[in-house]
Amino acid sequence: EPEVTQTPSHQVTQMGQEVILRCVPISNHLYFYWYRQILGQKVEFLVSFYNNEISEKSEIFDDQFSVERPDGSNFTLKIRSTKLEDSAMYFCASSEMRDSGNTIYFGEGSWLTVV
Amino acid sequence: RKEVEQDPGPFNVPEGATVAFNCTYSNSASQSFFWYRQDCRKEPKLLMSVYSSGNEDGRFTAQLNRASQYISLLIRDSKLSDSATYLCVVNGNTGFQKLVFGTGTRLLVSP
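Parameters at a glance
- Starting afresh in each chain, residues are numbered from 1 along the sequence in its written order.
- Chain letters start at A and ligand numbers start at 1, both assigned in the order the entries are written.
- Since the coordinates come from a predicted model, pLDDT governs what is reported: local features require at least 70, and pairs of side-chain atoms require 80 or more to be given and counted, while whole-chain, interface and lining totals use all residues.
- The side-chain quantities take in all heavy atoms of the structure and omit both hydrogens and water.
- A strand pair is defined by DSSP finding two or more bridges across the two strands.
- Counting from the N terminus, the helices are DSSP H or I runs at least four residues long and the strands are E runs at least two residues long.
- Comment: axis = line fitted to C-alpha atoms, over the contacting stretch for helices; angle = value between 0 and 180 degrees taken between N-to-C directions.
- Put simply, a salt bridge is a Lys or Arg side-chain nitrogen that is within 4 Å of an Asp or Glu carboxyl oxygen.
- Each residue's exposure class comes from its accessible area (1.4 Å probe, protein chains only) as a fraction of the maximum for that residue type: buried when under 20%, exposed when over 50%, partly exposed otherwise.
- For this analysis, residues touch if any pair of their heavy atoms sits within 4.5 Å.
- By buried area we mean the combined loss of accessible area, with a 1.4 Å probe, across both parts when two parts are placed together.
- Between N or O atoms, a polar contact is any pair within 3.5 Å; within protein, one atom must be a potential hydrogen donor and the other a potential acceptor, and residues adjacent in sequence are included only when both atoms are from side chains.
- Note that Gly is not counted as nonpolar here; it falls among the polar residues with everything else outside the nonpolar set of Ala, Val, Leu, Ile, Met, Phe, Trp, Tyr, Cys and Pro and the charged set of Asp, Glu, Lys and Arg.
- Sulfur atoms of two cysteines make up a disulfide when they are within 2.5 Å.
- Between rings of Phe, Tyr and Trp, where Trp is taken as its six-membered ring, a pair exists when centres lie within 6.5 Å; planes separated by under 30 degrees are stacked, by over 60 edge-to-face, and by other angles tilted.
- Only when the NZ of Lys or the CZ of Arg is both within 6 Å of the ring centre and within 35 degrees of the ring normal is a charge said to sit over the ring.

K.L.:
How would you sum up the sheet that holds strand β7 (residues 60–65) of chain B? Please name residues and give values.
P.N.:
Note on sheets: strands pair through backbone hydrogen bonds, and any given pair is parallel or antiparallel. Residue and element names in this part refer to chain B. Pairing is antiparallel in the open sheet, where five strands are placed in the order β1-β3-β8-β7-β6. Of all the strands in the sheet, the pair left with one neighbour each is β1 (4–6) and β6 (55–57). Neighbour to neighbour, the strand axes of the sheet diverge by 20 degrees on average, direction disregarded. Both strand β3 (residues 19–25) and strand β8 (residues 70–75) contribute to a ladder of six bridges, which runs antiparallel. Within the sheet, the bridge partner assigned to F21 lies in β8 and is L73.

K.L.:
Tell me about the pattern of salt bridges, residues and numbers included.
P.N.:
Residues and elements named next belong to chain B. All told, the structure shown has seven salt bridges over all chains when counted by the stated rule. Between K79 and D77 there is a salt bridge, with its nearest N and O atoms 2.9 Å apart. Exposure remark for K79: the relative accessible area of 33% places this residue in the partly exposed category. Using a relative accessible area of 36% as the deciding quantity, one classes D77 as partly exposed.

K.L.:
Account for the interface of chain A and chain B, naming residues and giving values.
P.N.:
The interface is formed by 27 residues belonging to chain A together with 20 residues belonging to chain B. Across the interface of chain A and chain B, roughly 2,000 Å² is buried in total on both sides, 56% from carbon and sulfur atoms. Viewed at the interface, chain B and chain A are joined by one salt bridge. The tally of links from chain A across to chain B stands at two residue pairs in polar contact (both at pLDDT 80 or more). Within the residue set of the side of chain A that touches chain B, elements represented by two or more residues are β4 (31–37), β5 (43–50), β6 (53–57) and β9 (88–95) of chain A. Grouping the amino acids of the side of chain A that touches chain B by side-chain chemistry returns 13 nonpolar, nine polar and five charged.

K.L.:
Quick rundown of the pairing of β5(A)? Include the residues and the values.
P.N.:
Side chains on a regular strand alternate between the two faces of the sheet. All names here are of chain A. Burial runs high along β5: seven of the eight residues are buried. With seven bridges connecting them, β4 and β5 associate as antiparallel partners. Directly across from Q37, in β5, lies its bridge partner V43. Joining the antiparallel neighbours β4 and β5 is a turn of five residues, in which G40 adopts a positive phi near 85 degrees. One ladder, built from four bridges, connects β5 with β6; its direction is antiparallel. Bridging across to β6, Y50 finds its partner in E53.

K.L.:
Give a detailed account of the state of the cysteines, specifying residues and quantitative values.
P.N.:
Each disulfide consists of one covalent bond between the sulfur atoms belonging to two cysteines. Residues and elements named next belong to chain A. For the structure on display, the rule yields two disulfides over all chains. A sulfur-sulfur separation of 1.9 Å characterises the disulfide bridge that pairs C23 with C92. Between C23 and C92, the S-S dihedral sits near -65 degrees, and the bridge is therefore left-handed. Placement of the pair is C23 in strand β3 (residues 19–24) and C92 in strand β9, with a sequence separation of 69 residues.

K.L.:
Summarise the sheet that holds strand β7 (residues 65–68) of chain A; cite the residues concerned and give the values.
P.N.:
Residue and element names in this part refer to chain A. The four strands lie next to each other as β1-β3-β8-β7, forming an open sheet whose pairing is antiparallel. In the strand order of this sheet, the two ends are held by β1 (5–7) and β7, each with one partner. Taken over all neighbouring pairs, the strand axes of this sheet differ in orientation by 20 degrees on average, direction set aside.

K.L.:
Explain the packing of aromatic side chains to me, using residue names and the numbers behind them.
P.N.:
Each pair of aromatic rings is reported with the distance of its centres and the angle of its planes. This structure, assessed with the given rule, holds 16 aromatic pairs over all chains. Geometrically, the ring pair formed by A:F32 and A:F75 is tilted, given 5.4 Å between the ring centres and 40 degrees between the ring planes. With A:F32 in strand β4 and A:F75 in strand β8 (residues 75–79), this pair connects stretches of sequence that are 43 residues apart. The pair A:F32 / A:F75 is uniform in exposure class, with both members buried. Ring centres of A:Y35 and A:F45 lie 5.5 Å apart, and the angle between their planes is 75 degrees; this geometry places the pair in the edge-to-face category. In this pair, A:Y35 sits in strand β4 while A:F45 sits in strand β5, placing the two residues 10 residues apart along the sequence. Taken together, the aromatic side chains of A:Y35, A:F45, A:F91, A:F106, B:F34, B:Y36 and B:F101 make up a single cluster linked through ring pairs. B:R41 extends its terminal NZ or CZ atom over the ring of A:W111, reaching a point 5.3 Å from the ring centre.

Next comes the structure, spelled out in structure tokens:
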């Protein structure tokens, strides 16, 4: 079964450092997403991306966050200057269509620890 | 009011038991509804979509009541492997896949 792959699986970074989390969505999918889950809390939507631009973002996704599709396969989340509260599991996801009934497939996540 | 509200549990049940989870959502314009399963420190995985007519997949039955903004999941004949956190998930009406997750209900099935 095709899957969304994410790297790294774990990253520890110092506060103030830049972090890039990478994702390879499922190949025929056109819609890409980032979600995050702080330990012990619910999964939260960060951003959706289509046709090389952000289609929607949450209030969490402030100026320190950015997303990019640098080539035909990768989809990245950059956190410019990490804060302690950015420590979380970050899930990349993709879907074939935008329709609300269409299945979203999640990657296994990148666990970010900011120290 | 939380967008999606669930009893966090845990629900401790013996193998073979029937267990039911409930969920309420606040946005009456929500269009799609799902149950996801999440194992510890793993990604959410779609268990089933939820339709107004109710739907069943093996031992799992989901129901949606739009008037009450209420979603349920029934698991029959619980297995040890059913131990996980069950996430109630609602899709908003933005047209894009902005899923809103509940905090999840933890299920522990014991021998």
